[in-house]
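If you want the building blocks of each chain, they are given just below.
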Amino acid sequence: MTPDSPSARALHWRRALHLEPLPVESGWWAPRSRSELAVTEGKDTLAAHNSIFYLLDAERPVNYWHRLASDDIHVLIEGGPVEYLLATDAGTVERHVLGTDVDAGEQPMVVCPAGTTKALRLMDPRGYALIGSVVTPGWAPDHVRFVAPTIPDEHRPVWLEPGTITALTSPDTV
């Protein structure tokens, strides 16, 4: 492993940021901040935001389908690109690419709106991506669901390959 190889960079970030395996969703993570400002959402009082460092690498190249009740903003710090699939309750699915090649349609920031079911995967499964994630209002355990979306045939885009939904479903939720 050379010092600049994707696996060496991923290992560097895992050690430097004390990243741990993320259960169910997969990937690596560590908390970064949690707002002291409280907001009320229905009967819940939550932090206005929280942020984490998040990493995908060759060992954990996929972030499985999950749905947050809050907005989730992802900013690429290093590496990539990462494919994002965002599915709505209406049965539609969008594809975004988190990356630095803006001329090729990549975006250095992807916003996952509240109530959107999302899955991520490295476009090069031997690569890595270090991501900063900000969730607002802040993450709470009862504000996340691990469920794959249902995309009716009439809403299935031509680029969505058969088996993709299943491939991005956590084995821990089946």
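Report on the accompanying structure. (Residues numbered from 1 in each chain as written. Predicted model: local features only at pLDDT ≥ 70, side-chain atom pairs only at ≥ 80, totals over all residues. Heavy atoms only, no water.)

### What to know about the overall build of the chain
Link 1 in the chain: The number of helices and strands found in the chain is 2 helices and 13 strands.
Link 2 in the chain: In terms of C-alpha radius of gyration, the chain reaches 16 Å, essentially the compact-globule figure of 16 Å for 174 residues.
Link 3 in the chain: C-alpha extents for the chain along the principal axes are approximately 50 × 45 × 35 Å.
Link 4 in the chain: Put simply, 73% of the contacts in the chain that link residues at least 6 apart link residues at least 24 apart.
Link 5 in the chain: A total accessible area of about 9,300 Å² is found for the chain, and carbon and sulfur atoms account for 55% of it.
Link 6 in the chain: Averaged over its 14 positive side-chain charges, the chain has a centre that lies 4 Å from the centre of its 23 negative ones. (Helix = DSSP H or I, 4+ residues; strand = E, 2+ residues; numbered from the N terminus. Rg over C-alpha atoms; globule rule 2.2 N^0.38 Å. Contact = heavy atoms within 4.5 Å. Areas by Shrake-Rupley, 256 points an atom, 1.4 Å probe, with all protein chains shown as cover. Lys, Arg positive; Asp, Glu negative; His and termini not counted. Charge placed at Lys NZ, Arg CZ, Asp CG, Glu CD.)

### Quick look at the nonpolar core
Link 1 in the chain: In terms of nonpolar packing, the biggest core is built from 15 residues, with Val82, Tyr84, Leu98 and Ile131 touching the most fellow members.
Link 2 in the chain: Counting only elements with at least two residues in this core, the list comes to strand E5 (50–56), strand E8 (82–87), strand E10 (109–112), strand E11 (117–122) and strand E12 (129–136).
Link 3 in the chain: Sequence-distant contacts of Leu98, that is, excluding residues within four places in its chain, are made with His74, Leu76, Pro81, Val82, Tyr84, Gln107, Pro108, Met109, Val110 and Ile131.
Link 4 in the chain: Tyr64, Ala119, Ile151 and Leu168 belong to the second largest nonpolar core, which has 11 residues in total. (Core = buried A, V, L, I, M, F, W, Y, C linked by side-chain atoms within 4.5 Å. Buried < 20%, exposed > 50% of the residue type's maximum accessible area, 1.4 Å probe, protein only.)

### Considering the sheet that holds E11
Link 1 in the chain: Ordered in space as E9-E8-E11-E6-E13, the 5 strands form an open sheet in which the pairing is antiparallel. Sheet topology places strand E9 (93–98) and strand E13 (144–145) at the edges, where each strand pairs with a single neighbour. (Pairing = 2+ DSSP bridges.)

### What to know about the pairing of E12
Link 1 in the chain: Among the 8 residues that make up E12, 6 are buried, leaving the element largely enclosed by the rest of the structure.
Link 2 in the chain: Inspection of the sheet shows E5 paired to E12 by 7 bridges, in the antiparallel sense. Residue Leu55 lies in a different strand from E12, and its bridge partner there is Leu130.
Link 3 in the chain: As paired elements, strand E7 (residues 71–79) and E12 share 8 bridges and run antiparallel to each other. Within E12, the position partnered with Leu76 by the bridge is Ile131.

### Quick notes on the pattern of salt bridges
Link 1 in the chain: The final tally for this structure, using the stated rule, is 9 salt bridges.
Link 2 in the chain: Taking the shortest distance from any N to any O, the salt bridge between Asp89 and Arg67 comes out at 2.6 Å. Of this pair, Asp89 sits in the loop between E8 and E9 while Arg67 sits in strand E6 (residues 62–68), and the two are 22 residues apart along the sequence.
Link 3 in the chain: The residue Arg156 makes a salt bridge to Asp153 at a minimum N-O spacing of 3.9 Å.
Link 4 in the chain: Using a relative accessible area of 65% as the deciding quantity, one classes Asp153 as exposed. (Salt bridge = Lys/Arg side-chain N within 4 Å of Asp/Glu carboxyl O.)

### Concerning the packing of aromatic side chains
Link 1 in the chain: Going through the model one piece at a time under the given rule, you end up with 0 aromatic pairs.
Link 2 in the chain: Looking at Arg14, its charged tip hangs above the ring of Trp28, at a distance of 3.7 Å from the centre.
Link 3 in the chain: Taking the ring centre of Trp28 as reference, the NZ or CZ of Arg60 above it sits at 5.2 Å. (Phe/Tyr/Trp six-rings, centres within 6.5 Å; stacked < 30°, edge-to-face > 60°. Lys NZ or Arg CZ within 6 Å of the ring centre and 35° of its normal.)

### Digging into helix H1 (residues 6–16)
Link 1 in the chain: Along H1, the residues classified as buried are Ala8, Ala10, Trp13 and Arg14.
Link 2 in the chain: On its buried side, H1 packs onto strand E2 (28–34), E5, E7 and E12.
Link 3 in the chain: A positive backbone phi angle near 55° is found at His18, which sits one or two residues after H1.

### Concerning a nonpolar patch on the surface
Link 1 in the chain: Where nonpolar side chains cluster on the molecular surface, the patch consists of Val75, Met109 and Val111 and spans about 240 Å² of accessible area.
Link 2 in the chain: On the accessibility criterion, Val111 (44% relative accessible area) is partly exposed. (Patch = residues over 30% accessible without salt bridge, like charges linked within 9 Å, V, L, I, M, F, W, Y side chains within 5 Å.)

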